[in-house]
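Structural overview for review
Chain residues, written in single-letter form:
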Amino acid sequence: MEKVKQKDLILYSGLIILGLAAPYLFSAFKVQLTYLCVLIVLAMTWNLQGGEMGYNTFGNILFYGLGMYLTASVQVGMFFPLAEWTESGGEKTFVHTTTQYFQGIGVGLLVAAIIPTIIAGAIGYAILGLRGHYFAICTLGLGIAAGEIAGGIEIIGAGQGFTTPPFPAEIVDAEARGKFFYFLSFALLVGTFVFVKYIYGSRFRLILNAIRDNEDKAEAMGIQTMKYKIVGWMCSAFFCGLAGGIMGGLIGYIDSTDVAFDGREMGVFMVLMAILGGKGTLWGPVIGATLFHFFKEGLWTLILGWQYVALGVLIVVIVVYFPEGLMGWLREKYPERFGEVIDEKDRKAQVELK
Amino acid sequence: MDFLIFKAPMLMVQASLDGILLGILFALIAYGMALQWGVMNIINIAQGDLVILGGYIAYTIYLWGIHPAWGVIISPIIMFFVGWGLYKLVINKVVDRDLFISILATFGIAIVFQQLMNFIFGADVVVAQSEYGTTMLFDNSVTLPNSKIFSAFISVLYAVALVIYMKKSRLGRAIRATAQNARAAKILGVDTEKVYAATFGINAALCGIAGALISITLTLHPYVGLPYTVRSFMIVIVAGLGNLPAVAVSGMGLGLFEEFADYILGTEFRIGAVFLLLVLILVYRRFKLSKKREYLK
């Protein structure tokens, strides 16, 4: 890590300053920015499986949803009886004090990071033994089964949903809630990025790529592929669980199939964003998620009601005509420039030069 | 958890009969999936949504005042062209590619279909009344809607007709040849592009029949397609591609499992149980296969 190039240093410090200043610069868009951070985290962690390891999972939504339910449950359950909280639905007889709220969410996020990681490790041996499309369909089933089952469990609200604790009323600053969740998600984003970047420079990534390119040969070379596959999935589960926990607090309401185990939206978004940006690259998912989020926020309101049609068409178009993604396209176009700083401005400058 | 079923043996008869009749219907959808999976090597996530679309076609003619049972003739004809069009528009571009590409692309198609059906037919749960009445068995303790018997009968009829068609007709032989070896078939003068389009059309037509039957026996809703996809996928992987008797048996097995899960776990866990069963079957299959590999070590 000492040999960070000067150009990179400027880029990273610029991005961090931009990230820290963003809630003040675009103070009306804090919720959208929080979403963006979470989306990038989800896309980057999906990329570890789908892009690097070649295991196209629909199941990372499982960890996201678990994290969401766990954070909220711990946050409530630490101080009040959970069953009474969810039974009363919208009307709250219990109120968290400020300290209780932050203690609760802190412990909740910790649990939301650890339990999904353990679950990924526990089911990893069974699930990751599947290959190719069997793995994809199995994880799809896993995500949906989790949603359906969560929708039948009384203590976490069943079909009527689970209202997460409201932000403490004692904090008068109206901006505080947005800022709190933004900085939380931004910290998660930075953590994820540093971690993924570390993986990109390590032997671990090479092993994952070997598994993607030819698993049997990798095994024949003496790599214990199963061990690395499980560890890779556990890494993703860790960050997905945290992302889910933050999202649960931000949205304020958890529904089993529409918010938590939302395979139809989040579960597809993370795949789509990673493919749009370019699978198997460090910056691809980041750029893909950003583009996708801008597209979504810009267009969704214009085509209200038709957004799912647009989403479906977008999936088909991206997958059929653009499977290599933006980074793949760039790699084809400017092979000699590849591996250096890649962002849109740079690309445009290059186009102008030519 | 409700163990009423073990206390009342008649409920068990009821669940078994329901399950078997339902399972025959699932087997018909699975047959379509096995056909296009075997021939084109594509996993169609939109399978269930094609079924629901077929159901809505039958429901529409029911609204026009025609008896919904005619849907089993009209719906497959329309669905054949829907399938053909879908092939020409999207599927032909993913045939030779990675399977995951086809999964994602058909996932996109599924979302589009769901939403369009939601616009056109509304988000209400609908059912077409066949008014066939019910059959009472065992001293009125088991009730069996005649529409379910009708649907099982029609499913078997169409399945048998299709098997004969695949064996005897020119197109059927071309489809089987393409499934065996697409390149060799091409060399021998089979227009594989046309065969693929026809296969996808036939698959969609089968979905149309199943949908029309579902519209009179069960209920329709724009967003319930995915469970049908998963059911047919499950049946196909248990039975294997191209093994038709096994498809029928595992279809009935799945129907039985679902009805019993419904009684034992409760209706709210029914769909969850189906998806969980999928995971369990795949995991079981993985351990069975990994045992075979072990002798290489």
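Placed above this text is the structure.
Since we're looking at a predicted model, the values are computed, not measured.

Section: the overall build of chain B
Secondary structure summary: chain B contains twelve helices and two strands in total. Secondary structure elements of chain B occur, N-terminal to C-terminal, as α-α-α-α-α-β-β-α-α-α-α-α-α-α. Computed over its C-alpha atoms, the radius of gyration of chain B comes to 20 Å, within 12% of the 19 Å expected for a compact globule of 297 residues. Taken along its principal axes, the extent of the C-alpha atoms in chain B is 65 × 60 × 35 Å. With 297 residues in all, chain B has 50% of them scored as buried. Taking the contacts inside chain B whose residues are at least 6 apart along the sequence as the reference set, 77% of them involve residues at least 24 apart.

A word on the pairing of strand β2 (residues 142-145) of chain B
Two faces belong to every sheet, and in a regular strand the side chains alternate between them. Residue and element names in this part refer to chain B. Sheet topology places strand β1 (residues 134-137) next to β2; four bridges connect them, and they run antiparallel. Its bridge partner lying in β2, Leu137 is registered against Val142. Count of turn residues in the β1/β2 antiparallel hairpin: four residues, of which Phe138 carries a positive phi of about 45 degrees.

Focus on the interface of chain A and chain B
Each partner contributes residues to the interface: chain A has 31 residues there, and chain B has 31 residues. Secondary-structure elements contributing two or more residues to the side of chain A that touches chain B are α5 (98-127), α6 (132-150), α12 (266-277) and α14 (307-321) of chain A. Ranked by residue count, the leading element in the side of chain A that touches chain B is α6(A), at twelve residues. Taken together, the residues of the side of chain A that touches chain B break down into 22 nonpolar, eight polar and one charged.

Some words on the packing of helix α10 (residues 225-239) of chain B against helix α11 (residues 244-265) of chain B
Residue and element names in this part refer to chain B. Taken N-terminus to C-terminus, the directions of α10 and α11 make an angle of 130 degrees; their axes are 9 Å apart at the nearest point. The orientation of α10 with respect to α11, classified from their angle, is oblique. Relative to α11, the crossing made by α10 is right-handed. Taken together, the residues of α11 that come into contact with α10 (itself represented by Arg231, Met234, Ile235, Val238 and Ala239) are Ala246, Val247, Ser250, Gly251 and Leu254. Within the contact of α10 with α11, the residues separate by chemical class into seven nonpolar, two polar and one charged.

Comments concerning the nonpolar core
Of all hydrophobic cores here, the largest spans 197 residues; its most connected members are A:Leu42, A:Ala243 and A:Ile315. It is helix α2 (residues 9-40) of chain B that provides the largest number of residues to this core, a total of 17 residues. Once you skip the residues sitting within four places of it in the chain, A:Leu42 turns out to touch A:Tyr64, A:Cys240, A:Ala243, A:Met266 and A:Met270.

Rules behind the numbers
Residues numbered from 1 in each chain as written. Chains lettered and ligands numbered in written order. Predicted model: local features only at pLDDT ≥ 70, side-chain atom pairs only at ≥ 80, totals over all residues. Helix = DSSP H or I, 4+ residues; strand = E, 2+ residues; numbered from the N terminus. Rg over C-alpha atoms; globule rule 2.2 N^0.38 Å. Buried ≥ 20, exposed ≤ 12 C-beta atoms within 10 Å, placed from the backbone. Contact = placed C-beta atoms within 7 Å. Pairing = 2+ DSSP bridges. Nonpolar A, V, L, I, M, F, W, Y, C, P; charged D, E, K, R; others polar. Axes fitted to C-alpha atoms, helices over the stretch in contact; angles between N-to-C directions. Parallel < 35°, antiparallel > 145°, perpendicular 65-115°, else oblique. Left-handed = near helix turned anticlockwise from the far one by under 90°. Core = buried A, V, L, I, M, F, W, Y, C linked by C-beta atoms within 7 Å.

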